[in-house]
Amino acid sequence: MKMKFSPITKYKGERTGLVVMGMDYAGIVLENTENGLVLSQVECKKADRGGQETVNETLPLKGNEIYLRAEITTTGEKIGKSEGGHDLLVMCHFSYSLNGKKFQPLGETVPSQKEGKWIGAKVGMFCTRPAIVTNDGGWTDVDWFRITR
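How each quantity is defined
Residues numbered from 1 in each chain as written. Predicted model: local features only at pLDDT ≥ 70, side-chain atom pairs only at ≥ 80, totals over all residues. Heavy atoms only, no water. Core = buried A, V, L, I, M, F, W, Y, C linked by side-chain atoms within 4.5 Å. Buried < 20%, exposed > 50% of the residue type's maximum accessible area, 1.4 Å probe, protein only. Helix = DSSP H or I, 4+ residues; strand = E, 2+ residues; numbered from the N terminus. Contact = heavy atoms within 4.5 Å. Pairing = 2+ DSSP bridges. Salt bridge = Lys/Arg side-chain N within 4 Å of Asp/Glu carboxyl O.

Enquirer: Where do I start with the nonpolar core in this structure?
Expert: Burial of nonpolar side chains together is a common tendency in soluble globular proteins. Grouped together as the largest cluster of nonpolar side chains are 19 residues, with contacts concentrated most on Ile-28, Leu-30, Leu-39, Ile-66, Leu-68 and Tyr-96. If you list the elements that add at least two residues to this core, you get strand 1 (2-6), strand 2 (15-21), strand 3 (25-33), strand 4 (36-44), strand 6 (65-78) and strand 7 (88-97). The contacts of Ile-28, once residues within four sequence positions are left out, are Thr-16, Gly-17, Leu-18, Leu-39, Ser-40, Gln-41, Leu-68, Phe-94, Ser-95, Tyr-96 and Leu-106.

Enquirer: In this structure, what is going on with the pairing of strand 1? I would like to understand it.
Expert: For a regular strand, side-chain orientation follows a simple rule: the groups alternate between the two sheet faces. Summarising burial for strand 1: 4 of the 5 residues are buried, a large majority. In this sheet, strand 6 lies alongside strand 1 in antiparallel orientation, the contact comprising 3 bridges. Bridge pairing in strand 6 places Met-3 opposite Ile-66. Here strand 1 runs beside strand 11 (residues 139-144); their pairing, made up of 5 bridges, is antiparallel. Among the inter-strand pairings, Lys-2 is bridged to a residue of strand 11, identified as Trp-144.

Enquirer: Would you mind going over the pattern of salt bridges with me for this structure?
Expert: Side chains carrying opposite charge are able to pair once their charged atoms draw close together. One pass over the full model with this rule turns up 5 salt bridges. For Arg-15, the salt bridge goes to Glu-53, with nearest N and O atoms at 3.1 Å. With Arg-15 in strand 2 and Glu-53 in strand 5 (residues 53-60), the pair connects residues that are 38 residues apart, well separated along the chain. Under the relative-accessibility criterion, Arg-15 is labelled buried at 18%. Under the relative-accessibility criterion, Glu-53 is labelled partly exposed at 30%.

Enquirer: Whenever I open this one, unusual backbone geometry confuses me. Can you help?
Expert: Positioned with a positive phi, Lys-46 is a non-glycine residue whose angle comes to about 55°. For Lys-46, the position within the fold is in the loop between strand 4 and strand 5. For Lys-46, a relative accessible area of 46% puts it in the partly exposed group.

Such coordinate-based values are descriptive only and should not be taken to indicate function.
What follows is the structure, given as C-alpha cells:
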C-alpha cells in the first residue's frame, strides 16, 4: 500500500495504517505524536473482548509518505483444533519502505489473526482519531492498495 498521511498538527493521536484483523488484530501504524510522526508495529490479542494493544517496535519518521506491506506466509503446518482439521497456521510479517523499492521489516512476526465471528481474518486500511469532538481531523490519501500472490 502506498499512502500519504496528513494529520492535523493540534490533534495528537491521529493514526493511519494497514491492519490484519479478526477477533485479534495486528498492524503497521503511522501516528501523529508529541514527538512528530511515529511508525509502529502493533498487535492486540482478544480485541473483541477489550484486550490491550501492545507495541512491538517503533521508529520516528521525517516524511509523511510511506509504503506499507503485510506479507502472509505459511509453512504448511495445520492448526490442530480447526474445523475439519484443514486450516493452516499462517504468519504475518510487516514491513515499510520510504521509496517503494527497499522494504525494512518492523516488529514481530505474528500469527495471522484469529477469524472474525462470521468470516475469516480480514486485511484493510484505516484512519482514526481518539476523542473526536470536531469534524476537522486529518486524512490519509491512499495512492494504491494491492493484494498479490
